[in-house]
Amino acid sequence: MTQVSAARVILAPDKFKGSLSAPQVAAALAAGLTRSAPDADIRLVPVADGGDGTVEAFVAAGWTRAQLTAPGPTGVPRRATYARHGTRAVIELAAVVGLSALPEGRLDPLGASTYGLGVVLAHAMDHGVTDIVLGLGGSASTDGGAGMLQALGARILDAGGRELPTGGAVLARAAELDRSALHPGIAATTFTLACDVDNPLLGPHGAVAVYAPQKGAGPAESDVLESALATWASVAGPEFAGHPGAGAAGGTGFGALAVLGARVRSGIEVVLELLEFRDLLATAGLVVTGEGSLDRQSLHGKAPVGVCAVAREAGVPVLAVVGRTLLEPDEIRAAGFADCYALSDLEPDPARCMNDAASLLERVGARIAAERLT
């Protein structure tokens, strides 16, 4: 078993969904490590992949939290936050118009929109931001990013020249996109989409077929939305509909690509770059990462595997600490991890494991210190 100097440990976990945020996971691990290795130099660098928890990861890294009131996915005003550092901002769609922002969890597959996200983007640009990283994922709507663009000044007109309201279903009547009143800051702003999916906008692998059912769309609603997005694509920029990531977040990727000139990048790669993670590795002897469930989906762009890949490039060993793992030991090693510690090995009852995650993480941290640090 590899042992390293106690003075160089980076804790870079993602959230344990439904249990602890990434900063809370890092703090619990740190408490256990310091209890067994009080002289250890521990750096807490909680991470995210662009979805839930992305803003919190950057606030934990010292970025400023900006706050405003913006419409949620069904138009109900709610507090919205994003992270800012100088002229750069990280904005998380899920925190503004995501499923978690639905009032009392009531789904609205045909009417929900991304309008509030556009309000937040405008706020950032109005306050001097010229470089925006937009984390996609967890959206409550399937409107192709139309609502976001409407909040930024775009007018979507029907065949009679009447302006359409927000929502996904109404895009079936879209005939023209008037960009003349778009927010002036767009031309001077760089937009990067932090995204871990490569779905196109339309078709069997598109925004509706893959993601609309989890937003409450049955077969009939899905047919309406697929037709509406096809019409919207023909108006806003059909050449962007097949772009990988265009189908992300109910097609918000498409709207950002077609109108904002955005580019798509791996969420975890963007996050690690902004957190200057590679620079931190220069003095690291061990990295500990993790998430609630390490499974085969994790191998396709999720945060822990991204952290592991970057650390391994720098020659730093990586441990995974997870709520549970569905991977075999050889799969864990093939992903690059030196070892994996699962909380479910300490507490097999799932409910208790989630409720007691913080204390279990402390126990794992103490074990890592005893086994890995000299």
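Residues numbered from 1 in each chain as written. Predicted model: local features only at pLDDT ≥ 70, side-chain atom pairs only at ≥ 80, totals over all residues. Heavy atoms only, no water.

As recorded in an unreviewed UniProt entry, the protein chain goes by the name Glycerate kinase, listed as coming from Nocardia amamiensis. Its UniProt record gives the protein chain the following Sequence similarities (unreviewed entry) comment, quoted word for word: "Belongs to the glycerate kinase type-1 family." (UniProt positions renumbered as here; feature names shortened; annotations may be inferred.)

Before going further, it helps to spend a moment on the sheet that holds strand E4 (residues 77–85). Strands sit in the order E3-E4-E5-E6-E9-E10 across an open sheet of six strands; the sheet is mixed. Unpaired on one side and paired on the other, strand E3 (64–71) and strand E10 (263–266) mark the two borders of the sheet. Averaged over all adjacent pairs, the angle separating strand axes in this sheet is 30 degrees, with direction ignored. Both strand E6 (residues 131–135) and strand E9 (residues 190–195) contribute to a ladder of five bridges, which runs parallel. Residue pairing for E9: Leu-134 is matched across the bridge by Leu-193. In this fold helix H8 (residues 248–260) packs onto E9 and E10, with an angle of close to 155 degrees to the strand it touches most, E9. (Pairing = 2+ DSSP bridges. Helix = DSSP H or I, 4+ residues; strand = E, 2+ residues; numbered from the N terminus. Axes fitted to C-alpha atoms, helices over the stretch in contact; angles between N-to-C directions. Contact = heavy atoms within 4.5 Å.)

Counting residues in each nonpolar core, the largest one holds 57 residues, and the members touching the most others are Ile-91, Leu-121, Met-148, Leu-152, Trp-232, Phe-254 and Leu-260. Of all the elements, H8 adds the most residues to this core, at eight residues. Apart from the residues within four sequence positions on either side, Ile-91 is in contact with Tyr-82, Leu-117, Val-120, Leu-121, Ala-124, Ile-132, Val-133, Leu-134 and Gly-135. One finds Val-47, Val-55, Val-133 and Val-271 within the second-largest nonpolar core, a separate group that totals 38 residues. (Core = buried A, V, L, I, M, F, W, Y, C linked by side-chain atoms within 4.5 Å. Buried < 20%, exposed > 50% of the residue type's maximum accessible area, 1.4 Å probe, protein only.)

Here we come to the pattern of salt bridges. This model, assessed by the stated rule, comprises 15 salt bridges. Among the salt bridges present, the one from Glu-273 reaches Arg-265, with a minimum N-O distance of 3.0 Å. The salt bridge involving Glu-331 is made with Arg-296; its shortest N-O contact spans 3.0 Å. Note that Glu-331 is positioned in helix H12 (residues 329–334) and Arg-296 in the loop between strand E12 (293–294) and helix H11 (303–313), a separation of 35 residues in sequence. Where salt bridges share partners, they join Asp-49, Asp-196 and Lys-302 into one cluster. (Salt bridge = Lys/Arg side-chain N within 4 Å of Asp/Glu carboxyl O.)

Turning next to the sheet that holds strand E1 (residues 9–11). Taken in spatial order, the five strands of this open sheet run E2-E1-E11-E13-E15, and their pairing is parallel. A strand with exactly one partner marks an edge of an open sheet, and here the two such strands are strand E2 (42–44) and strand E15 (339–342). Between one strand and the next, the sheet's axes are offset by a mean angle of 20 degrees, whatever the strand orientation. Across three bridges, E1 lies against E2 in parallel orientation. Bridge pairing in E2 places Ile-10 opposite Arg-43. Strands in contact with helix H1 (residues 22–36) are E1, E2, strand E11 (286–289) and strand E13 (318–322); relative to E2, the strand with the most contacts, it is inclined by about 170 degrees.

By the secondary structure assignment, Glu-347 is in the loop between E15 and helix H13 (350–355). The buried charged residue Glu-347 lacks any salt bridge partner; its closest oppositely charged side chain belongs to Arg-352, at an N-O distance of 4.3 Å. At 2.9 Å, the side chain of Glu-347 and the backbone nitrogen of Asp-349 are in polar contact. Among residues more than four places away in sequence, those in contact with Glu-347 are Arg-352, Cys-353 and Leu-360. (Lys, Arg positive; Asp, Glu negative; His and termini not counted. Polar contact = N/O pair within 3.5 Å; in protein donor to acceptor, adjacent residues only side chain to side chain.)

With that settled, the discussion passes to the layout of surface pockets. By volume, the largest pocket is sized at about 1,200 Å³. When contributions to the lining of the largest pocket are tallied by element, the ones reaching two or more residues are H8 and H13. Taken together, the residues of the lining of the largest pocket break down into 15 nonpolar, 17 polar and 13 charged. Taken as a whole, the second largest pocket holds about 390 Å³ of empty space. In terms of lining, the second largest pocket is formed by 22 residues, of which the most central are Asp-52, Gly-53, Glu-56, Glu-92 and Ala-95. It is E4 that provides the largest number of residues to the lining of the second largest pocket, a total of four residues. Of the residues that constitute the lining of the second largest pocket, the class distribution is eight nonpolar, six polar and eight charged. (1 Å grid on protein atoms, 1.4 Å probe; cavity = no way out; pocket = protein on both sides within 12 Å on 5 of 7 lines; lining within 4 Å. Points joined across faces, edges and corners; volume = space filled by probe spheres on them. Nonpolar A, V, L, I, M, F, W, Y, C, P; charged D, E, K, R; others polar.)

Here we come to the packing of aromatic side chains. A full pass over the atoms with the stated rule returns two aromatic pairs. Ring centres of Trp-232 and Phe-254 lie 6.3 Å apart, and the angle between their planes is 80 degrees; this geometry places the pair in the edge-to-face category. Here Phe-254 lies in helix H8 and Trp-232 lies in helix H7 (residues 219–236), a separation of 22 residues in the sequence. Judged on exposure class, the residue Trp-232 and its partner Phe-254 are both buried. (Phe/Tyr/Trp six-rings, centres within 6.5 Å; stacked < 30°, edge-to-face > 60°.)

Most of helix H9 (residues 267–274) is tucked away, with six of its eight residues classed as buried. Inspection of H9 places Gly-267, Ile-268, Val-270, Val-271, Leu-272 and Leu-274 among the buried residues, and these make up the whole buried set. Glu-276 sits one or two residues past H9 and shows a positive phi near 55 degrees.

Tracing the sequence through the fold places Leu-121 in helix H4 (residues 115–126). On the basis of relative accessible area, Leu-121 is assigned to the buried category, the value being 0%. The spacing of Leu-121 and Ala-262 is 141 residues in sequence and 13 Å in space, taken between C-alpha atoms. In contact with Leu-121, other than residues within four places in its own chain, are Ile-91, Ile-132, Met-148, Leu-152, Phe-191 and Leu-260.

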